[in-house]
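# Breakdown of the fold
So the chains spell out like this:
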Amino acid sequence: MNFIRFIFTKTFWIQVVIAALVTVLLCFAYLFWLDWYTNHDQKIQVPQLEKLSLIQVNKQLKELDLRCKIIDSASFNPSYKPKTVIEQDPIAGKFVKENRQIYIKLNASGYGKVTVPNLIYKTRRLAIPTLEALGFKIGQITYQPNIAENTVLEMRYKGNILESGTQLSKTATIDLVLADGNNPSAVTEEIMETNDNE
């Protein structure tokens, strides 16, 4: 009975109202603090970093209270200068919060080195796709007398004989010397006969 009587007293309802007000105020205070702590309304526009050097990137991001992290520096794109940004995440124009980390990819100094395979006496049909698959370009193709028609007799790079196992830059141009299918001794005999008849 005393409890039921207490529920209907003025003091009880005052305490309920005070408790409700305190709860609402605490909720608003927490939301305000959370908003301030997480920089909810702060927006920083990510700058265009592509084609910039790492020094330029660090300077720009520092002024905006942003940070950068290199995630790759092995890819090479000939359209960009070496050691400049070729890709960024988030992209330019996006809005981020203070102290956000921007991920960048830097252009390598050049194409990586590739080992030249042993293709001597391999067929043209096998040799050319093998070299192209490794990233090499096929340059001049010449022929020499040899009975093994269309097989590789020599590989050359800038006029010099190229040994298998040599490392060249990807996209290097390799010249091929192929067999023309003629017997060298038969050609020599034919030349000698011609000279004798003269």
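Scroll up to find the structure this text is about.
What counts and what doesn't
Residues numbered from 1 in each chain as written. Predicted model: local features only at pLDDT ≥ 70, side-chain atom pairs only at ≥ 80, totals over all residues. Heavy atoms only, no water. Salt bridge = Lys/Arg side-chain N within 4 Å of Asp/Glu carboxyl O. Buried < 20%, exposed > 50% of the residue type's maximum accessible area, 1.4 Å probe, protein only. Phe/Tyr/Trp six-rings, centres within 6.5 Å; stacked < 30°, edge-to-face > 60°. Lys NZ or Arg CZ within 6 Å of the ring centre and 35° of its normal. Pairing = 2+ DSSP bridges. Helix = DSSP H or I, 4+ residues; strand = E, 2+ residues; numbered from the N terminus. Contact = heavy atoms within 4.5 Å. Axes fitted to C-alpha atoms, helices over the stretch in contact; angles between N-to-C directions.

## Side note on the pattern of salt bridges
In the structure shown here, the tally under the stated rule is 2 salt bridges. Between Arg156 and Glu154 there is a salt bridge, with the nearest N and O atoms lying 2.8 Å from each other. Taking the relative accessible area as the measure of exposure, Arg156 reaches 25% and is therefore partly exposed. In this structure Glu154 comes out as buried when scored by relative accessible area, which is 19%.

## Quick look at the packing of aromatic side chains
For the coordinates displayed, the defined rule picks out 0 aromatic pairs. In this arrangement the basic side chain of Lys51 is found over the ring face of Tyr80, its NZ or CZ atom lying 5.6 Å from the centre.

## Some remarks on the sheet that holds strand β7 (residues 137-144)
Taken together, the 4 strands give an open sheet; going across it, the order is β7-β11-β8-β9, and neighbouring strands pair in mixed fashion. Strand pairing shows two members of the sheet lacking a second neighbour, β7 and β9 (160-161), which therefore form its edges. Relative to β9, strand β8 (residues 152-157) runs antiparallel, the two sharing 2 bridges. Residue pairing for β9: Arg156 is matched across the bridge by Ile161. Docked against the sheet, helix α4 (residues 124-133) engages β7, β8 and β11 (173-179), running at close to 155° with respect to β7.

## Concerning the sheet that holds strand β5 (residues 101-106)
In space, the 3 strands of this open sheet follow the order β2-β5-β3, with mixed pairing throughout. Either end of the sheet is taken by a strand with one partner, and the two such strands are β2 (67-72) and β3 (85-89). Geometrically, the sheet is characterised by an average inter-axis angle of 30° between neighbouring strands, direction not taken into account. Strand contacts of helix α3 (residues 54-63): β2, β3 and β5, with the helix running at about 145° to β2, the strand carrying the most contacts.

## What to know about the pairing of β5
In this sheet, β5 lies alongside β2 in parallel orientation, the contact comprising 5 bridges. Pairing of Asp72 across the sheet is with Lys105, part of β5. In this structure, β3 lies alongside β5, joined through 4 bridges in antiparallel fashion. Residue pairing across strands places Glu87 opposite Lys105, the latter belonging to β5.

## Some details on the environment of Ile102
Along the chain, Ile102 turns up in strand β5. Between the C-alpha atoms of Ile102 and Ile70, which are 32 residues apart in sequence, the distance is 8.6 Å.

## A few points about unusual backbone geometry
Of all residues except glycine, most have a negative phi; of all peptide bonds, most are trans. Cis geometry is found at the peptide bond from Asp89 to Pro90, where omega equals 5°. Within the fold, Pro90 resides in the loop between β3 and β4 (95-96). Phi is positive for Lys51, close to 75°, though the residue is something other than glycine. Along the chain, Lys51 turns up in the loop between β1 (44-45) and α3. Positive phi values are uncommon outside glycine, yet Tyr121 reaches one of about 70°. Its relative accessible area of 56% is what places Tyr121 among the exposed residues.

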